[in-house]
Amino acid sequence: MGNGVQTLYSEDLKLFRFLRIIFERQSSCLQSVSIGWDGGVYVQTCGHTLHIDCHKSYMESLRNDQVMQGFSVDKGEFTCPLCRQFANSVLPCRPGRSTEVVSWHMPSNKKTSVLVKEVEDLQEQLGFFPVSTTTESNLSKEMELVIKDIKNTTQRKYMDYGKNPGSPDNDFLFMYSVARTNLELELVHRGGNLCSGGASGAAKRSCLNQLFHVLAMHMRLYSIDSAYNPWTRLTQVAPSRDNCLDDERPEVPMLFRDCPSLLIIFVLTMPQPLRKEHFICLVRMLYNLQYTQALAALSAKFSPEERQAWSTSGTLKKNAFNAEKSYEALLSHVITELSKVKTVYDVNTDEPSMLSSSVWSPQSIEYSLQQFCLPYLRLSCLLQHHLYGDNLSGCPEEEEFSGLAGCLGLLDPAPQPSNPMYSASCLDWTVSAFDLMSQWCSEVTGLADTQAEKSMTLLVQDLQWASPHLLHLPDNYNTIFQYYHKKACTACKKVPKDPALCLVCGTFVCLKGLCCKQHGICECVWHSQHCGAATGIFLLINASVIIIIRGHRFCLWGSVYLDAHGEEDRDLRRGKPLFLCVERYRVLEQQWVSHTFDHINKRWGPHYNGL
């Protein structure tokens, strides 16, 4: 099952490879995507705090403790001295910031153009991070240790994506992707949207504010070349587009760049703490780009006749009042600009359109535009919530777009039930919208002659993904047993003595099988390292129980198949018919998604690579 599943990781990896093929400048590619979809770092806390010196004394006492422990102190593992939850790092917190923070959160009445210039000036101070007192110096040292813990936790293959492994560019990509991974995981824990508002169960263990402070401290080591700073291309129209693309080191066009990634990069690399007015300015300018990307992707789905019709109808509205906030005028302009090179739209002309022309009504276009922009708004709103403490108010799913836009200051928060919601009304241009969009489109058409097919792949992206889930299991355990207990291993071609099934991807493996050992590591452990970044969930076919592998440890979880009386039949000794317990399986999946195996399951032991 797992071999044929399309995942966000596989699509993002394909996108990244396309970028590397087309664009020679590696730093430009590494700033255009995020990584971590297959093996990112998730940071959560039990919420308890202690002094740095107290923690050092506690760790020393654990090293001197001769009692057998279920964790490795030498690897930095320990249990919280208050709640006894498993931990492998400490996250420094800056004390006494409540009075200082208020002034940075005040709303602003400045014009957007003024804020854009202020952000540009702040961009020239990249790398500034105030360290004045002894306390701050000690905190900086502890923050450096956290960064080291994050890197040590991550397998090397999940950190190096560029052409030069271990380079500063790779490190830059990995660091801002850690922030992206944690924001996306909180969205998953909330059900994929922010309609519920408030704090989710996993959000109570969140420490994103402290994590961002640590990452921002580390990101001060890097600087973005002013000649290639995305902010300039995001907010200014260049005087001449003749040299917009350097033949030797072409830049990734703005329409190909991931807006959430750019937002996180800006936030982490700007001087800290970042005023809220400047954060909102970042969100607004990037929304302009996100909306233009949505128009370009939508236009690529039109038939040639539809593009011609929408281009003609929109042209008539370009001179109307407020044309820069009219989706028809803007859509027409994007189609006109991208049509200057025929290969942009002609790549997939042989393929029939999935939607008939009658589907693309104004209502369906507005719906598609909102759906394209929603992931960016969700992440921006969640980031604002953690950085500035803004409340997340719940709303019906059909009103999520307007609710998030109001929360971010893109819209007047006052309800307007009589007027339909248009995503173009959230746009805020500080220069001519049509000139800036022409500039972004020309970056694409400049590539289309030689890289037409790849350009379309980068332009049209499906942002709708299902939440992660485990395999769908049959109701009757006998179905699984009869299919797998005599099945030959795909590696050694023998029937394993202890067959097991990965519940994440569906791969059939040998438990403790010496025949399938690789580099001294048995197959279940080996598979967990490649399938789940050292986390594996396996159903033992001949025992009906589940084992969890986490790094160098494992534990028995129990069974999700019970008899008619609700009891387990471990090792199938009683021979009773077993049926899937949906509630137990849901609990297992929830623990997997929320990364709480270490906290909930207490009976861990070392596996010595023997599973």
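Residues numbered from 1 in each chain as written. Predicted model: local features only at pLDDT ≥ 70, side-chain atom pairs only at ≥ 80, totals over all residues. Heavy atoms only, no water.

With that out of the way, let us pick up the overall build of the protein chain. Within the protein chain, the secondary structure is distributed over 21 helices and 10 strands. Counting only contacts in the protein chain whose residues sit at least 6 apart along the sequence, the fraction spanning at least 24 positions is 73%. As displayed, the protein chain offers around 29300 Å² of accessible surface, 51% of which is attributable to carbon and sulfur atoms. (Helix = DSSP H or I, 4+ residues; strand = E, 2+ residues; numbered from the N terminus. Contact = heavy atoms within 4.5 Å. Areas by Shrake-Rupley, 256 points an atom, 1.4 Å probe, with all protein chains shown as cover.)

The next point concerns the packing of aromatic side chains. Aromatic rings in a pair are described by how distant their centres are and how their planes are angled relative to each other. Applying the stated criterion across every chain, the model contains 9 aromatic pairs. Here Trp231 and Phe266 contribute two aromatic rings whose centre-to-centre distance is 5.6 Å and whose plane-to-plane angle is 85°, an arrangement assigned as edge-to-face. A residue pair is termed long-range when its members are at least 10 positions apart, and Trp231 in helix 9 (residues 230–235) and Phe266 in helix 10 (residues 259–269) qualify at 35 residues. For the pair formed by Trp231 and Phe266, the shared burial category is buried. (Phe/Tyr/Trp six-rings, centres within 6.5 Å; stacked < 30°, edge-to-face > 60°. Buried < 20%, exposed > 50% of the residue type's maximum accessible area, 1.4 Å probe, protein only.)

Turning our attention to the pattern of salt bridges. Scanning all chains against the criterion turns up 19 salt bridges. The partner of Asp258 in a salt bridge is Arg180, and the shortest N-O contact between them spans 2.6 Å. A residue pair is termed long-range when its members are at least 10 positions apart, and Asp258 in the loop between helix 9 and helix 10 and Arg180 in helix 7 (residues 168–189) qualify at 78 residues. You can call Asp258 partly exposed: its relative accessible area is 23%. The class of Arg180 is buried, set by a relative accessible area of 7%. One salt bridge connects Arg573 with Asp571, and the closest N-O pair in it is separated by 3.4 Å. (Salt bridge = Lys/Arg side-chain N within 4 Å of Asp/Glu carboxyl O.)

Further remarks concern the sheet that holds strand 10 (residues 605–606). In space, the 6 strands of this open sheet follow the order 4-3-5-6-7-10, with antiparallel pairing throughout. In this open sheet, the two edge strands, each paired with only one partner strand, are strand 4 (508–510) and strand 10. Sheet topology note: the strand 5 (residues 535–540)/strand 6 (residues 546–550) ladder contains 5 bridges and is antiparallel. Bridge assignment links Ile537 to a residue of strand 6, and that residue is Ile548. Along the sheet face, helix 18 (residues 477–484) touches strand 3 (499–502), strand 4 and strand 5 and points at about 95° away from the line of strand 5. Sitting on the sheet, helix 20 (residues 582–593) touches strand 5, strand 6 and strand 7 (553–558), and the angle it makes with strand 7 is about 155°. (Pairing = 2+ DSSP bridges. Axes fitted to C-alpha atoms, helices over the stretch in contact; angles between N-to-C directions.)

Soluble, globular proteins show a tendency: their nonpolar side chains are buried together. Among the nonpolar cores identified, the biggest contains 119 residues, and Phe279, Tyr287 and Tyr291 are the most heavily contacted of them. The element contributing the most residues to this core is helix 11 (residues 276–301), with 15 residues. When residues of this core are assigned to domains, at least three map to each of domain 1 (11–45 + 91–103 + 125–191 + 202–240 + 256–269) and domain 2 (288–350 + 359–460). Setting aside chain neighbours within four positions, we find Tyr287 in contact with Cys373, Tyr376, Leu377, Phe401, Leu410, Ser423, Cys426 and Leu427. (Core = buried A, V, L, I, M, F, W, Y, C linked by side-chain atoms within 4.5 Å. Domains from an automatic or database assignment.)

Glancing now at the packing of helix 7 against helix 15 (residues 362–388). Between helix 7 and helix 15, whose axes approach to 10 Å, the crossing angle comes to 105°. By the angle between their axes, helix 7 is roughly perpendicular relative to helix 15. Residue-level inspection shows Arg180, Leu183, Glu184, Glu186 and Leu187 of helix 7 in contact with helix 15, the latter providing Arg378, Leu379, Leu382, Leu383 and His386. (Parallel < 35°, antiparallel > 145°, perpendicular 65-115°, else oblique.)

Moving on, we come to the packing of helix 7 against helix 10. Between two packed helices, what matters for the description is the angle formed by their axes and the separation of those axes. Two numbers describe how helix 7 lies on helix 10: the axes approach to 10 Å, and their chain directions differ by 110°. Classed by the angle they form, the pair helix 7 and helix 10 counts as roughly perpendicular. For the pair helix 7 and helix 10, the sense of crossing is right-handed. Between helix 7 and helix 10, the residues in contact are Phe172, Tyr176, Ala179, Arg180 and Leu183 and Pro260, Ser261, Ile264, Ile265, Leu268 and Thr269, respectively. The residue makeup of the contact of helix 7 with helix 10, split by class, is 8 nonpolar, 2 polar and 1 charged. (Left-handed = near helix turned anticlockwise from the far one by under 90°. Nonpolar A, V, L, I, M, F, W, Y, C, P; charged D, E, K, R; others polar.)

All right, on to the confidence of the model for the protein chain then. This prediction gives the protein chain a mean pLDDT of 79; 81% of its residues lie at or above 70. When pLDDT is averaged over each element of the protein chain, strand 9 (residues 579–580) comes out on top at 94 and helix 4 (residues 98–101) at the bottom at 48. This stretch, residues 241–247, has a pLDDT under 50; its non-local contacts, to residues over four places away or in other chains, come to 7 contacts. Note that residues 349–358 has pLDDT below 50 and, in this model, 4 contacts with residues that lie over four places away or in other chains. (pLDDT = per-residue confidence, 0-100.)

Turning our eyes to something else, we now look at the environment of Asp563. Within the element layout of this structure, Asp563 appears in the loop between strand 8 (561–562) and strand 9. A relative accessible area of 8% places Asp563 in the buried class. When the C-alpha positions of Asp563 and Lys576 are compared, they lie 6.3 Å apart, and in sequence the two are 13 residues distant. Setting aside anything within four residues of it in sequence, one finds Asp563 in contact with Arg574, Lys576, Pro577 and Leu578. Side-chain polar atoms of Asp563 contact the side chain of Arg574, separated by 3.2 Å. (Polar contact = N/O pair within 3.5 Å; in protein donor to acceptor, adjacent residues only side chain to side chain.)

Of note, Asp571 is a non-glycine position whose phi angle comes to about 65°, a positive value. The exposure class of Asp571 is partly exposed, given its relative accessible area of 42%. The backbone of His595 sits at a positive phi, close to 55°, despite the residue not being glycine. Summarising the element assignment, His595 is placed in the loop between helix 20 and helix 21 (597–600).

Here helix 16 (residues 400–407) has its buried residues at Glu400, Phe401, Leu404, Ala405 and Gly406. Contacts made by the buried residues of helix 16 are with helix 11 and helix 15. Immediately beyond the C-terminal end of helix 16, within one or two residues, lies Gly409, with a positive phi of roughly 80°.

Moving on, we get to the pairing of strand 3. A two-sided burial pattern is seen for strand 3, the buried positions comprising Pro499 and Leu501 on one face and Ala500 and Cys502 on the other. Both strand 3 and strand 4 contribute to a ladder of 3 bridges, which runs antiparallel. Across the sheet, Ala500 pairs through a bridge with Val509, a residue of strand 4. Here strand 3 folds back onto strand 4 in antiparallel fashion, the turn holding 5 residues, of which Gly506 has a positive phi close to 90°. In terms of strand pairing, strand 3 meets strand 5 through 3 bridges, oriented antiparallel. Within the sheet, the bridge partner assigned to Ala500 lies in strand 5 and is Leu540.

On to the pairing of strand 5, then. With 6 of 6 residues buried, strand 5 lies mostly within the body of the structure. Burial of the side chains of strand 5 extends over both faces: Thr535, Ile537 and Leu539 are buried on one face and Gly536, Phe538 and Leu540 on the other.

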